[in-house]
Amino acid sequence: MAQKIISVVLSDFFLFRELSSEQIEQIATQSRVMTFPKGQSVFKEGDPAQGLYILLSGQLKLAITSPQGSERIISIISPGESFGEAILYLERQFPLYAKATLDSQVLLVPKNLIFGVLDSDPHYARKMLAGLSIRMHQLVQNIEMLSLQNSTQRFIGYLLQISAKAEDATKIRLPANKATIASLLNLTPETLSRILNKLQQLGLIEVDGNDLTIADVKKLRNSDLNIQTKL
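Thresholds applied
- Every chain begins its residue count from 1, and numbering advances along the sequence as written.
- The predicted nature of this model means local features are confined to residues of pLDDT at least 70 and side-chain atom pairs, given and counted, to a pLDDT of 80 or more, with totals for whole chains, interfaces and linings taken over all residues.
- Side-chain measures here rest on the full set of heavy atoms in the structure, leaving out hydrogens and waters.
- Each Phe, Tyr or Trp ring, with Trp reduced to its six-membered ring, pairs with another whose centre is within 6.5 Å; inter-plane angles below 30 degrees give stacked pairs, above 60 give edge-to-face pairs, and intermediate values give tilted ones.
- The helix and strand labels rest on DSSP assignments: H or I over at least four residues marks a helix, E over at least two residues marks a strand, and numbering proceeds from the N terminus.
- Accessible area is worked out with a 1.4 Å probe on protein chains only. A residue is then buried under 20% of its type maximum, exposed over 50%, and partly exposed in between.
- Salt bridges are identified by distance alone: a Lys or Arg side-chain nitrogen within 4 Å of an Asp or Glu carboxyl oxygen.
- Strands are labelled as partners when DSSP assigns at least two bridges between them.
- The arc under discussion is defined with respect to the helix axis, by the directions toward the C-beta atoms.
- Lines are fitted to the C-alpha atoms to define the axes, a helix being fitted only along its stretch in contact, and any angle between axes, read from their N-to-C directions, falls within 0 to 180 degrees.
- Each angle gets one of four labels, with under 35 degrees taken as roughly parallel, over 145 as roughly antiparallel, 65 to 115 as roughly perpendicular, and the rest as oblique.
- A contact between two residues is defined here by any heavy atoms of the two lying within 4.5 Å.
- Note on residue classes: Ala, Val, Leu, Ile, Met, Phe, Trp, Tyr, Cys and Pro are nonpolar, Asp, Glu, Lys and Arg are charged, and everything else, Gly too, is polar.

Novice: Before we go on, may I ask you to explain the packing of aromatic side chains in this structure?
Specialist: Geometrically, a pair of aromatic rings is defined through the distance of the ring centres and the angle of the planes. Per the stated rule, a full pass over the model turns up six aromatic pairs. Taken together, a centroid distance of 6.0 Å and an interplanar angle of 35° make the contact between Phe43 and Phe83 tilted. You can see Phe43 sitting in strand S2 (residues 41–43) and its partner Phe83 sitting in strand S6 (residues 82–83), a full 40 residues away along the chain. Side by side, Phe43 and Phe83 carry an identical accessibility label, which is buried. On the numbers, 5.2 Å between centres and 20° between planes, the contact of Tyr53 with Phe83 is stacked. Linking Tyr53 in strand S3 (residues 51–57) with Phe83 in strand S6, this pair joins segments that are 30 residues apart in sequence.

Novice: Could you clarify how one ought to interpret the pattern of salt bridges in this entry?
Specialist: Opposite charge on two side chains lets them pair, provided their charged atoms get close. In total, this model carries two salt bridges according to the counting rule given. In this structure, Lys61 and Glu71 form a salt bridge, with 2.9 Å as the shortest nitrogen-oxygen distance. Of the two residues, Lys61 is situated in strand S4 (residues 60–65) and Glu71 in strand S5 (residues 71–77); the sequence distance between them amounts to 10 residues. Judged by its relative accessible area of 33%, Glu71 falls in the partly exposed class. In this structure, Arg173 engages Asp211 in a salt bridge whose closest nitrogen and oxygen atoms are separated by 2.8 Å. A residue pair is termed long-range when its members are at least 10 positions apart, and Arg173 in strand S9 (residues 171–173) and Asp211 in strand S11 (residues 211–214) qualify at 38 residues. Judged by relative accessible area, Arg173 falls into the exposed class, the value being 53%. Since its relative accessible area comes to 34%, Asp211 is described here as partly exposed.

Novice: I keep staring at the sheet that holds S6 and nothing clicks. Help me out?
Specialist: Backbone-to-backbone hydrogen bonds pair the strands of a sheet. The strands run either parallel or antiparallel. Spatially, the four strands line up as an open sheet ordered S1-S8-S3-S6, and their pairing is antiparallel. Two strands in the sheet have a free side with no partner beyond their single neighbour: strand S1 (32–36) and S6. Judged from the five bridges that link them, S1 and strand S8 (residues 104–110) form a sheet pairing that is antiparallel. When the bridges of S8 are listed, Arg32 appears paired with Leu108.

Novice: Mind showing me how you'd approach helix H2 (residues 21–30) here?
Specialist: Each turn of an α-helix holds 3.6 residues, which means side chains three or four residues apart point in the same direction. Inspection of H2 places Ile24, Ile27 and Ala28 among the buried residues, and these make up the whole buried set. For H2, the buried positions fall inside an angular range of 100° around the axis, keeping them on one side.

Novice: Just checking my understanding: could you explain the packing of helix H6 (residues 151–165) against helix H8 (residues 189–201) for this structure?
Specialist: Two quantities define a packed helix pair, namely the angle between the axes and the distance from one axis to the other. Contact pair H6 / H8: the axes reach a minimum separation of 10 Å and the direction vectors enclose 70°. In this view, H6 runs roughly perpendicular relative to H8, as classed from their interaxial angle. Here H6 contributes Ser151, Thr152, Phe155 and Ile156 to the contact with H8, which in turn contributes Thr191, Leu192, Ile195, Leu196 and Leu199. Of the residues contributing to the contact of H6 with H8, the split by class is six nonpolar, three polar and no charged.

Everything listed here is a matter of geometry and, on its own, says nothing about what the molecule does.
Shown next, in the form of structure tokens:
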């Protein structure tokens, strides 16, 4: 990828928008684009953080492995999103792994550049803290969702999150296969299938593969979130 394109990506990324063109060019010159075929790891549990990662294309999952060897998906990363920041600043090893779920391209901004800007630009440091605060808020919301809501509530909440970001709030596409979505929401694939069937029976959604149509977003939001699905 040409340096000019990398500069555009960096200048559009929220953490770098306030930097000067000279700072952007300096970072772009030393950043690199990496290609990961589907199924390949970007980093593994125990690897040191090399820098800030920005997904340019494709899709990644962040996940951990349980002591029993099963996978628990923490997050699904879409193009334009960054990952790995917290471990970068702590200068520790990754407690999770990142793996491509589609053929992907990732921009790596080396940590020495990030630290250099942090040391020289207090305004950038504040922007970085704001970004981490947003990520922390999202993590707290995810914990609340997983601990306080039943399985159907979790899935409805997830659908509404996707709907809020879509151009047409009634037409959405699940960003990953159903097994991955189930793991993200701490459900079994069988439970997710039963929830989908139940919501269809109630006329709240229509399902066509990974494409979903919400009959009425307001009705879904205000529906009885204590829907009892036989699990």
